[in-house]
Number of protein chains: 4
Amino acid sequence: MNSFGRRYRVSIFGESHGELVGIVVDGVPAGVALSADDLKEDLARRKAGAKGTTARKEADEPMIVSGVFGGRTTGAPLTVVFRNSDTRSGDYADLVAQPRPGHADFVAREKWHGWNDYRGGGHFSGRITLGIVAAGAIAKRVLEREGVQIEARITEIGGASDAAGMEAAVEQAIADQDSVGGVVECTADGVPVGWGEPFFDSVEAVLSHAMFSIPAVKGVEFGAGFEAARMRGSEHNDPIAAADGTTRTNHAGGINGGISNGNPIVFRVAVKPTASISRPQETFNFATGEVDRLVVRGRHDACIALRVPVIVEAMTAIVLCDFALLAAAEPAK
Amino acid sequence: MNSFGRRYRVSIFGESHGELVGIVVDGVPAGVALSADDLKEDLARRKAGAKGTTARKEADEPMIVSGVFGGRTTGAPLTVVFRNSDTRSGDYADLVAQPRPGHADFVAREKWHGWNDYRGGGHFSGRITLGIVAAGAIAKRVLEREGVQIEARITEIGGASDAAGMEAAVEQAIADQDSVGGVVECTADGVPVGWGEPFFDSVEAVLSHAMFSIPAVKGVEFGAGFEAARMRGSEHNDPIAAADGTTRTNHAGGINGGISNGNPIVFRVAVKPTASISRPQETFNFATGEVDRLVVRGRHDACIALRVPVIVEAMTAIVLCDFALLAAAEPAK
Amino acid sequence: MNSFGRRYRVSIFGESHGELVGIVVDGVPAGVALSADDLKEDLARRKAGAKGTTARKEADEPMIVSGVFGGRTTGAPLTVVFRNSDTRSGDYADLVAQPRPGHADFVAREKWHGWNDYRGGGHFSGRITLGIVAAGAIAKRVLEREGVQIEARITEIGGASDAAGMEAAVEQAIADQDSVGGVVECTADGVPVGWGEPFFDSVEAVLSHAMFSIPAVKGVEFGAGFEAARMRGSEHNDPIAAADGTTRTNHAGGINGGISNGNPIVFRVAVKPTASISRPQETFNFATGEVDRLVVRGRHDACIALRVPVIVEAMTAIVLCDFALLAAAEPAK
Amino acid sequence: MNSFGRRYRVSIFGESHGELVGIVVDGVPAGVALSADDLKEDLARRKAGAKGTTARKEADEPMIVSGVFGGRTTGAPLTVVFRNSDTRSGDYADLVAQPRPGHADFVAREKWHGWNDYRGGGHFSGRITLGIVAAGAIAKRVLEREGVQIEARITEIGGASDAAGMEAAVEQAIADQDSVGGVVECTADGVPVGWGEPFFDSVEAVLSHAMFSIPAVKGVEFGAGFEAARMRGSEHNDPIAAADGTTRTNHAGGINGGISNGNPIVFRVAVKPTASISRPQETFNFATGEVDRLVVRGRHDACIALRVPVIVEAMTAIVLCDFALLAAAEPAK
């Protein structure tokens with residue numbers, strides 16, 4: 001439910017306007033040099049601040065409250081927590097009667113019979129990804145030792161794929177009190193041949209599971225992805241060019257039969273536009289029983305995709321770290 | 001690894017040219033009327049036969065060897081097995097030295113240190129999906145009681161989305177000793193509000209996990225999917241139109257915040273062109289240590305996407321049945 | 001690893017002398033009235049204070065930092081943390097060179113290559129059971145609605161099973177700077193017929209798994225237990241006396257074939273004497289490479305069994321709550 | 001539910017009078033030399049035949065139908081099946097109305113709403129342990145490479161612990177148309193320091209989980225076990241005698257803090273007397289609504305404990321193999 005992973009396992013908790021959000025990371029190898037400061041670079045990348053991101057200001061100060069001793073991981077569960085402070089709960093009271101379209105307000109209420117913490121989206125808030133970014137930063141440390149490097153970046157906003165077009169798309173969305181979606185591409189270099197399992201724990205299956213756990217993600221494709229559906233086999237097949245498995249092209253995105261093939265793992269995720277927009281919308285009002293005008297107050301991102309790359313990296317690191325630790329368990333003979 | 005699901009859990013086994021392929025299904029509710037015949041309609045849809053599918057002829061006769069007594073499921077694990085018969089193992093011996101591009105031959109050998117059963121792709125074979133189709137047919141029976149209906153269909157082949165264009169694409173691929181990819185769309189009607197979990201067990205996360213467990217799938221998108229990345233929030237948001245959560249549009253594909261919202265669940269999967277093609281390819285030969293010409297023998301599908309819809313339905317049924325059984329566990333008070 | 005349960009799942013974290021110990025509880029049904037105060041009665045029972053228990057004084061003040069809103073559980077993960085304060089880390093430095101016999105000092109160091117937090121036993125400390133008691137108290141609330149009542153009590157200390165004998169055994173152990181073991185018996189009333197699974201998730205299997213997760217537990221037996229091994233079938237079999245499954249005797253401890261049979265679930269756990277004793281012991285000194293005299297400093301329980309009943313209850317509640325939520329998922333038709 | 005293990009995972013299926021019973025073993029390392037013959041020694045030990053065991057004669061011929069190729073394991077799921085043949089289903093029809101005391105008849109019917117396969121105990125039958133013995137024999141092969149040896153033996157029958165007494169106890173039970181229980185002790189030599197986890201996946205927790213999954217087991221104790229509850233710390237603590245962790249005594253049964261300490265792992269399981277006895281019993285008759293005389297027909301073991309040692313070994317091997325594969329995943333630095 002709120003935990004994920006087999007050997008490197010994370011458990012998330014918290015709400016947007018609760019006291020703490022955080023993560024418990026089980027399975028971190030002992031002896032990894034680590035301090036709260038090591039998490040800050042990635043947390044800063046997740047943070048709001050740039051044009052197109054929310055005005056909510058949070059310190060996002062990570063506190064490691066277990067699992068580190070004398071500057072090293074101990075092998076015991078590692079817990080990172082963050083304090084919520086800049087909360088304006090009053091902003092959300094109206095949404096109980098009139099759930100925001102495109103948001104989890106309605107389903108949360110139905111699923112939990114009206115007992116959900118509705119303030120700021122409660123447990124559905126993007127703030128929960130703080131813990132994920134922290135766990136990802138730790139996983140990256142473990143993966144460094146294996147020679148794995150992960151990098152995600154925005155490749156498209158509002159249909160534009162050049163910098164000027166992307167910037168214009170965000171600015172126009174802000175001007176229109178609207179929001180806009182985007183695409184994030186992620187590459188993992190240095191993954192050896194043999195991670196993943198056929199069928200249910202294929203690299204694609206587990207990575208996509210993690211990606212679709214990120215709020216606002218609505219599509220995931222590996223290598224040529226949907227374009228592969230329009231290709232011929234003779235065009236899509238990646239000819240092997242060397243004994244280490246290096247292929248001439250990488251339409252497979254580094255994965256065959258669900259198993260890493262030694263080439264870079266490449267995939268893209270589609271991020272929908274932020275559901276919360278200031279622009280008035282027509283939607284059902286449960287208090288009046290009629291479709292009604294809704295103006296969403298609160299502070300929101302005009303383009304949530306801008307904050308997603310570091311979360312995609314974190315989820316990728318969590319998944320690959322799990323595969324790395326499991327792979328170590330496969331004896332060579 | 002080779003099992004999937006929490007309350008409705010499947011474990012698959014078998015190889016293309018082994019003795020049996022099959023599936024163990026744990027968690028089937030007791031008392032469901034079921035015989036081997038009930039599985040045959042879906043198995044027939046998966047079967048080769050149409051133009052563009054392999055010439056390998058298998059009876060695909062399901063044998064239920066546990067879990068059914070007196071025509072009803074018993075509550076104990078239900079096992080379905082299939083005998084392999086039309087196997088021509090000699091066809092594959094060459095592939096040990098020269099792994100097929102786009103196929104799992106190379107990674108299987110590396111992952112399992114050369115001990116993998118390489119005949120017909122071994123455990124990576126599409127034949128393993130026989131069990132999945134069987135487990136899906138059983139899950140559909142359980143879901144019927146909940147009023148859930150699942151339907152998947154080909155919407156695109158080789159870039160064409162009309163019947164004539166799709167047929168032409170397949171015929172041209174056959175004529176060229178090549179293969180071609182396609183897109184399958186799946187709809188699940190009747191899913192109530194509230195299935196799925198925020199984050200790690202979101203409906204999207206678990207469904208995509210299952211979809212990417214199907215060989216040849218390289219992309220999955222829900223609702224507007226990748227198109228959502230090019231939309232504005234005001235356009236993408238689905239206005240709620242009634243107290244039951246019905247929305248005017250369904251860009252979200254029936255899922256908000258990872259939870260089903262009562263509207264039809266809609267998603268598409270991209271299927272790559274079959275890796276095995278008769279057309280000569282250049283790829284690495286481990287015997288000679290050089291890039292070399294490869295002609296793949298054996299019998300293959302020119303368009304594997306044609307056989308995928310029933311597998312997508314089966315995987316969807318397996319996932320939704322799991323959610324249905326878990327949802328029953330959420331007390332209303 | 002540090003998490004347990006399928007539908008009611010707990011994840012523990014913390015070290016004896018770290019900043020926080022705590023637990024994340026996933027799967028708590030929404031709408032259960034709950035405050036931190038509701039946890040205090042059970043926490044007080046776990047607390048030191050009585051004769052025979054450690055002199056370490058901790059506030060053990062539970063802080064619910066997620067999952068509760070407006071005095072009710074929300075359905076999202078519920079997290080309870082406790083601050084460590086009365087820590088005297090200096091007491092433990094010597095134990096790195098000379099691990100205490102009967103304790104985890106040696107194995108922790110070996111398992112985690114010397115990076116373990118050795119202060120006060122680190123993650124192996126009994127303090128981690130604080131979270132378990134909290135999660136158990138919450139589970140009891142859920143079980144109350146099902147009519148299930150759990151009660152554990154000391155039945156034996158140092159071989160004595162009467163109150164005076166038990167007290168004398170503890171006093172003598174203290175006088176001798178030694179420690180003493182005991183037996184705890186637990187009864188769960190009101191469990192309906194049908195919880196548990198044949199084989200791997202039998203009620204006995206899952207309960208014993210939880211019991212042996214409690215530090216110092218070395219034996220678990222259900223119903224007649226080891227005595228059953230000395231009985232005849234005609235004597236051990238519990239004759240069914242009524243249509244609801246009530247049996248005349250309860251040698252089975254309320255479980256047949258791994259499934260609850262409607263009678264009280266009864267089991268006993270053996271608790272070994274506290275490993276840490278002030279009395280000098282001979283054991284290996286890794287600094288000198290020789291067997292050497294060890295005097296364990298620090299504050300310890302002369303009879304840890306005295307504090308175990310509430311932990312046994314908590315673990316039982318966690319297990320039964322999981323079964324209850326899973327059982328709700330078994331449709332009657 | 002019917003599967004167990006994390007890296008070496010087994011899934012069982014079958015019924016006493018169904019077509020096949022079997023097991024799917026996922027996670028078997030590739031390259032282990034294995035044939036069906038290698039399973040026969042352990043299967044023979046499980047088999048009926050000795051005095052005090054059932055007259056049902058089954059070939060128990062193992063068929064490996066997946067996961068082995070060219071005499072070696074392939075890395076893919078390994079499946080072993082057994083055909084049921086000597087079934088006399090007529091023997092059991094009466095038990096629907098009058099469930100046997102001490103048996104799963106009543107709970108199976110209630111749990112599965114009357115749809116359970118009641119013939120021969122259905123899925124609750126000891127025949128399901130055939131697969132477990134097979135999976136154990138495979139696990140032993142993997143453990144051999146790690147230098148781990150497992151041995152279980154009967155230490156007590158009907159209270160007697162010498163050979164003559166045990167034999168007399170069985171003979172007397174047979175003469176009385178009754179049954180008798182026993183105790184099995186198991187030792188695992190060669191387990192290195194560091195397997196297992198603190199708390200939920202302690203060696204004791206996981207081993208006991210497996211042991212209580214064996215039908216008829218009602219107690220499990222490690223090392224001094226229940227006797228430890230009567231000991232002083234100064235007596236129970238095992239002094240470390242050498243740098244490799246060897247202790248002078250082994251009251252802990254080779255486990256401290258849930259982690260293996262390098263000494264032999266030693267534990268005992270209590271096996272209750274067989275529930276099915278020919279001697280008349282009084283128990284509830286659901287057809288008449290009254291307590292009534294029951295004479296159990298069918299062929300049964302007078303002392304099921306006699307057949308348990310090899311099953312205890314198998315379960316131990318399954319658990320330790322899982323730990324071994326997981327431990328390999330813990331990088332040394």
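For the structure, see preceding data.
Because the structure is predicted, anything quoted here is derived from the model rather than measured.

Caption draft 1: Inspection of the overall build of chain A at higher detail. Secondary structure assignment for chain A yields seven helices and 15 strands. For chain A, the C-alpha radius of gyration of 21 Å lies close to 20 Å, the compact-globule estimate for 333 residues. Across its three principal axes, chain A shows a C-alpha extent of roughly 70 × 55 × 40 Å. Counting every position in chain A, which comprises 333 residues, the buried fraction comes to 66%. A separation of at least 24 residues holds for 72% of the contacts in chain A among residues at least 6 apart in sequence. Total accessible area on chain A is roughly 10000 Å²; 48% of this is exposed by carbon and sulfur atoms. The average position of the 34 basic charges and that of the 42 acidic charges among the side chains of chain A differ by 3 Å.

Caption draft 2: Region of the structure containing the relation of the copies chain C and chain D. Rotating chain C by 180 degrees and moving it 0.0 Å along the rotation axis overlays it on chain D with an RMSD of 0.0 Å. These values place the two chain copies in the arrangement generated by a two-fold rotation axis. A share of 100% of the interface residues of chain C reappears at the interface of chain D, consistent with the copies meeting face to face through the same patch.

Caption draft 3: Representation of the side chain of Thr-247 of chain D. For Thr-247 of chain D, the location among the structural elements is in the loop between helix H6 (233-236) and strand S11 (255-256). By relative accessible area, which is 11% here, Thr-247 of chain D ends up buried.

Caption draft 4: How the structure looks around the pairing of strand S2 (residues 9-13) of chain C. All names here are of chain C. A large share of S2 lies buried, amounting to five of its five residues. The alternating pattern of S2 places Arg-9, Ser-11 and Phe-13 on one face and Val-10 and Ile-12 on the opposite face, and all of these are buried. In sequence, strand S1 (residues 3-4) turns back onto S2 through a hairpin of four residues, with Gly-5 there showing a positive phi of about 110 degrees. Remark: six residues form the turn of the hairpin made by S2 and strand S3 (residues 20-26), two consecutive strands paired antiparallel; Gly-14 in that turn has positive phi of roughly 120 degrees.

Caption draft 5: Representation of the sheet that holds strand S2 (residues 9-13) of chain D in the model. Residue and element names in this part refer to chain D. If you walk across this open sheet you meet the five strands as S1-S2-S3-S7-S4, and the pairing is antiparallel. Unpaired on one side and paired on the other, strand S1 (3-4) and strand S4 (63-66) mark the two borders of the sheet. Bridge count between S1 and S2: two bridges; the pairing is antiparallel. In the strand pairing of S2, Ser-3 is matched with Ser-11.

Caption draft 6: Summary view of the interface of chain C and chain D. Each partner contributes to the interface: chain C provides 106 residues, whereas chain D provides 106 residues. For the pairing of chain C and chain D, the buried interface totals around 8100 Å² over both sides, and the portion due to carbon and sulfur atoms is 62%. A per-element tally of the side of chain C that touches chain D places strand S10 (residues 217-222) of chain C first, with six residues. Partitioned by chemical class, the residues of the side of chain C that touches chain D number 51 nonpolar, 34 polar and 21 charged.

Caption draft 7: Highlighting the interface of chain B and chain A. In this assembly, 105 residues from chain B lie in contact with 105 residues from chain A. In total, chain B and chain A occlude about 8100 Å² of area from one another, counting both sides; carbon and sulfur atoms represent 62% of this. When residues of chain B are sorted by the area they lose upon contact with chain A, Phe-199, Phe-200 and Lys-218 of chain B head the list and together hold 12% of the total. Linking chain B with chain A are ten salt bridges. The partner of Asp-176 of chain B in a salt bridge is Arg-232 of chain A, with the nearest N and O atoms 3.0 Å apart. At the surface where chain B touches chain A, the tally comes to 46 residue pairs in polar contact (both at pLDDT 80 or more). By residue number, the principal contributor to the side of chain B that touches chain A is strand S10 (residues 217-222) of chain B, which donates six residues.

Caption draft 8: Quick look at the packing of helix H5 (residues 203-211) of chain C against helix H5 (residues 203-211) of chain D. Contact pair H5 of chain C / H5 of chain D: the axes reach a minimum separation of 8 Å and the direction vectors enclose 170 degrees. In terms of axis orientation, H5 of chain C runs roughly antiparallel to H5 of chain D. In contact with Ala-205, Val-206, Ser-208 and His-209 of chain C of H5 of chain C, H5 of chain D contributes Ala-205, Val-206, Ser-208 and His-209 of chain D. Its residues assigned to classes, the contact of H5 of chain C with H5 of chain D shows four nonpolar, four polar and no charged.

Analysis parameters
- Residues numbered from 1 in each chain as written.
- Chains lettered and ligands numbered in written order.
- Predicted model: local features only at pLDDT ≥ 70, side-chain atom pairs only at ≥ 80, totals over all residues.
- Heavy atoms only, no water.
- Helix = DSSP H or I, 4+ residues; strand = E, 2+ residues; numbered from the N terminus.
- Rg over C-alpha atoms; globule rule 2.2 N^0.38 Å.
- Buried < 20%, exposed > 50% of the residue type's maximum accessible area, 1.4 Å probe, protein only.
- Contact = heavy atoms within 4.5 Å.
- Areas by Shrake-Rupley, 256 points an atom, 1.4 Å probe, with all protein chains shown as cover.
- Lys, Arg positive; Asp, Glu negative; His and termini not counted.
- Charge placed at Lys NZ, Arg CZ, Asp CG, Glu CD.
- Least-squares fit on C-alpha atoms with pLDDT ≥ 70 in both.
- Pairing = 2+ DSSP bridges.
- Buried area = accessible area lost by both parts, 1.4 Å probe.
- Nonpolar A, V, L, I, M, F, W, Y, C, P; charged D, E, K, R; others polar.
- Salt bridge = Lys/Arg side-chain N within 4 Å of Asp/Glu carboxyl O.
- Polar contact = N/O pair within 3.5 Å; in protein donor to acceptor, adjacent residues only side chain to side chain.
- Axes fitted to C-alpha atoms, helices over the stretch in contact; angles between N-to-C directions.
- Parallel < 35°, antiparallel > 145°, perpendicular 65-115°, else oblique.

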